[in-house]
Amino acid sequence: MKAIVISSPGGPEVLQLQEVDEPELKDDEVLIKVEASGLNQADTVQRSGAYPPPKGASHYLGVECSGTIQALGKSVSRWKIGDQVCALLSGGGYAEKVAVPDGQVLPIPPGVSVKDAGSLPEVACTVWSTVFMMSQLSAGETFLVHGGSSGIGTFAIQIAKYYGARVFVTAGSEKKLAVCKDLGADVCINYKTEDFVKRVKEDTGGKGVDVILDHIGASYFKQNIESLNFDGRLFIIGTMGGSVTKVDLRALLSKRLTVQLAGLRYRSPENKAVIVSEVEKNVWPAIVAGRVKPVIYKYFPLSDAAEAHQLMENSSHIGKILLVPQFSG
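This is a predicted model, so every value here is computed, not measured.

Criteria and thresholds
Every residue gets a number counted from 1 within its own chain, in the order that chain's sequence is written. Residue-level local features of this predicted model are given only where pLDDT is at least 70; pairs of side-chain atoms are given and counted only at 80 or more, and the full residue set underlies all totals for whole chains, interfaces and linings. Note that water and hydrogens are dropped before the side-chain values are worked out from all heavy atoms of the structure. Each aromatic pair joins two rings of Phe, Tyr and Trp (for Trp, the six-membered one) with centres within 6.5 Å, and gets the label stacked for planes under 30 degrees apart, edge-to-face for over 60, and tilted for any other angle. Going along the chain from the N terminus, every DSSP run of H or I of four or more residues is numbered as a helix, and every run of E of two or more is numbered as a strand. Each residue's exposure class comes from its accessible area (1.4 Å probe, protein chains only) as a fraction of the maximum for that residue type: buried when under 20%, exposed when over 50%, partly exposed otherwise. Each ring is checked for a lysine NZ or an arginine CZ that lies within 6 Å of its centre and within 35 degrees of its normal; such an atom marks a charge sitting over the ring. By construction, the arc corresponds to the directions joining the helix axis to the C-beta atoms. In this scheme, strands are said to pair when DSSP sees at least two bridges between them. UniProt positions are given in the numbering used here, feature names are shortened, and annotations may be inferred rather than shown by experiment. Helix span is expected to be 1.5 Å times the residue number reduced by one. Should any heavy atoms of two residues lie within 4.5 Å, those residues are counted as being in contact. Each polar contact in these results corresponds to two N or O atoms within 3.5 Å; when the atoms are within protein, one needs to be able to donate a hydrogen and the other to accept it, and residues that are neighboring in sequence are counted only if both atoms are side-chain atoms. Simply put, an axis is a line fit to the C-alpha atoms, just over the touching stretch for a helix, and the angle between two N-to-C directions goes from 0 to 180 degrees. One speaks of a salt bridge when a side-chain nitrogen belonging to Lys or Arg is within 4 Å of a carboxyl oxygen belonging to Asp or Glu. Roughly parallel means an angle under 35 degrees; roughly antiparallel means over 145; roughly perpendicular covers 65 to 115; every other angle is labelled oblique. Take the far helix as the reference: if the near one is turned anticlockwise from it by less than a right angle, the crossing is left-handed, and if turned clockwise, right-handed. The residue classification treats Ala, Val, Leu, Ile, Met, Phe, Trp, Tyr, Cys and Pro as nonpolar and Asp, Glu, Lys and Arg as charged. All others, Gly included, are polar.

**Here we look at the packing of aromatic side chains**
No. 1: Under the defined criterion, the tally for this structure stands at six aromatic pairs.
No. 2: Ring centres of Phe132 and Tyr163 lie 5.5 Å apart, and the angle between their planes is 55 degrees; on these two criteria the pair is classed as tilted. One end of the pair, Phe132, is in helix H2 (residues 121–134); the other, Tyr163, is in the loop between helix H3 (151–162) and strand E9 (166–171), and 31 residues separate them in sequence.
No. 3: On the basis of relative accessible area, Tyr163 is assigned to the partly exposed category, the value being 29%.
No. 4: On the numbers, 5.0 Å between centres and 85 degrees between planes, the contact of Tyr162 with Tyr163 is edge-to-face.
No. 5: An aromatic cluster of at least three residues, connected via ring pairs, comprises Trp128, Phe132, Tyr162 and Tyr163.
No. 6: Above the face of the Tyr299 ring, Lys115 is positioned so that its terminal group lies 4.0 Å from the ring centre.

**A word on helix H4 (residues 174–182)**
No. 1: Where H4 is concerned, the buried positions are Lys176, Leu177 and Cys180. The buried residues of H4 all sit within an arc of 95 degrees when viewed along its axis, so they share a single face. Along H4, the residues that are exposed and aim more than 90 degrees away from the buried face are Glu174, Lys175, Lys181 and Asp182.
No. 2: Positive backbone phi, approximately 120 degrees, marks Gly184, located one or two places after H4.

**Points about the pairing of strand E11 (residues 209–214)**
No. 1: E11 sits mainly inside the fold: six of its six residues count as buried.
No. 2: Pairing of strand E8 (residues 142–146) with E11 involves three bridges; the strand directions are parallel. In the strand pairing of E11, Val145 is matched with Leu213.
No. 3: Bridge count for E11 against strand E12 (residues 228–236) is five bridges, and the pairing is parallel. Of the residues in E12, the one forming a bridge with Asp214 is Ile236.

**Focus on the UniProt feature "domain: Enoyl reductase (ER)" (unreviewed entry) in the protein chain**
No. 1: Within this structure's numbering, the places UniProt gives as "domain: Enoyl reductase (ER)" (unreviewed entry) are residues 10–323.
No. 2: Each end of residues 10–323 is marked by a C-alpha atom, and these two atoms are 20 Å apart; helix forms 30% of the span and strand 26%.

**Points about helix H8 (residues 269–282)**
No. 1: Compared with an ideal rise of 1.5 Å per residue, which puts 14 residues at 20 Å, H8 spans 20 Å between its outermost C-alpha atoms and is within 8% of the ideal.
No. 2: Buried within H8 we find Lys272, Ile275, Val276 and Val279. Down the axis of H8, the buried set is contained in an arc of 100 degrees. They therefore lie on one face. Those residues of H8 that are exposed and aimed more than 90 degrees away from the buried face are Glu270 and Lys281.
No. 3: Buried residues in H8 make contact with strand E5 (84–88), strand E7 (105–107), H2 and helix H9 (284–288).

**With respect to the side chain of Lys320**
No. 1: The topology assignment puts Lys320 in strand E15 (residues 320–324).
No. 2: For Lys320, a relative accessible area of 5% translates into the label buried.
No. 3: Among the polar contacts listed, one links the side chain of Lys320 to the side chain of Asn40, at a separation of 3.1 Å.

**Brief notes about the sheet that holds strand E13 (residues 258–261)**
No. 1: Here six strands make up an open sheet; going across it, the order is E10-E9-E8-E11-E12-E13 and the pairing parallel. Bordering the open sheet on either side are strand E10 (187–190) and E13, each of which pairs with just one other strand. Here the average twist between neighbouring strands, direction ignored, is 15 degrees.
No. 2: Bridge count for E12 against E13 is four bridges, and the pairing is parallel. Bridge pairing links Ile236 to Leu261 in E13.
No. 3: Strands E8, E11, E12 and E13 of the sheet are contacted by helix H6 (residues 218–227), whose axis makes an angle of about 145 degrees with E12.

**Regarding the pairing of strand E6 (residues 97–101)**
No. 1: In terms of residue burial, E6 counts as a mostly covered element, since five of its five residues are buried.
No. 2: Here E6 shows no split at all, with Lys97, Ala99 and Pro101 on one side and Val98 and Val100 on the other all buried.
No. 3: As paired elements, strand E3 (residues 29–38) and E6 share five bridges and run antiparallel to each other. Looking at E6, one finds that Val30 is bridged to Val100.

**Some thoughts on the pattern of salt bridges**
No. 1: This model, assessed by the stated rule, comprises 14 salt bridges.
No. 2: We note a salt bridge from Glu22 to Lys97, for which the minimum N-O separation is 2.8 Å. Pair noted here: Glu22 is in the loop between strand E2 (15–19) and E3 and Lys97 is in strand E6, with a separation of 75 residues, a long-range link.
No. 3: Looking at Lys97, the relative accessible area reads 19%, which means it is buried.
No. 4: Connected through shared salt-bridge partners, Glu194, Arg199 and Asp203 make up one network.

**Some words on the packing of H2 against H3**
No. 1: Two elements in contact, H2 and H3, have axes separated by 9 Å at closest approach and are oriented at 55 degrees. It follows from the interaxial angle that H2 and H3 lie oblique. For the crossing formed where H2 meets H3, the hand is right-handed. Touching Val123, Ala124, Thr126, Val127, Trp128 and Phe132 of H2 are Gly151, Ile152, Phe155, Ala156, Ile159 and Ala160, all from H3.
No. 2: Here the residues of the contact of H2 with H3 sort into ten nonpolar, two polar and no charged.

Below is the structure:
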């Protein structure tokens with residue numbers, strides 16, 4: 001099969017399409033012929049050499065995909081050959097075929113094309129596990145997501161609104177903020193021209209928000225703490241703005257704040273299966289109802305992975321970027 005190989009750690013130009021061996025199928029896995037694979041920030045970090053795949057996982061890029069099941073491991077019972085599915089991966093999505101534990105596989109939601117479903121598993125599992133399962137966002141609460149126009153952000157806006165939260169977003173242009181507003185965001189803040197702490201306080205009567213989802217890390221930490229309400233919860237899923245910061249613990253103590261950090265990729269297959277099951281129960285109905293939709297910016301042939309990475313890294317996109325092995329324009 002063909003797959004994208006990292007010739008050596010570096011920039012987008014190190015991504016090359018090569019002929020490689022097909023994955024070996026374990027007893028609890030399904031083999032998926034890939035229709036589409038979503039790009040994620042983790043892919044660009046792995047390409048540069050800083051984010052190795054978990055032990056035993058495919059060393060090819062790609063943490064989500066959609067496609068058709070071509071083969072089944074001996075112990076797989078839920079799925080059958082020919083099923084159209086999408087899946088959360090530990091790696092291997094940038095290829096024509098990928099093997100994945102059956103507990104990380106989801107049916108394609110009715111109303112979504114197989115291709116577009118390749119944009120869903122990573123964002124759905126990330127947002128549901130962090131904002132809902134761990135931060136316990138509930139109806140009537142306020143929620144701030146940074147990078148509202150990203151794949152994570154566009155999904156988080158929609159699912160938070162579906163569950164009755166008031167949604168705040170930050171983004172870096174009026175065009176991006178307009179998209180966030182169209183998706184349901186209540187308060188849209190241009191972080192380049194406005195102080196988001198000030199806006200959050202103004203629009204919450206001085207209280208602050210209940211939950212924040214942040215991918216920036218250190219450089220936003222102090223402002224995030226200032227932006228939280230009593231009993232507020234900050235969830236950090238990335239460190240694009242650095243990983244080391246000073247903390248005055250008194251600020252957390254006085255407001256009873258919770259700060260959590262987690263990623264998806266290094267979780268055990270058992271843990272991922274729990275999250276995937278919760279997503280199917282709680283998120284898929286919102287998609288079926290048309291209340292949460294995939295936001296796709298552009299499709300690229302698998303062979304153009306380098307160009308797709310360049311687009312992701314210049315941050316001009318809104319929503320998700322997909323790689324398509326059988327690209328037809």
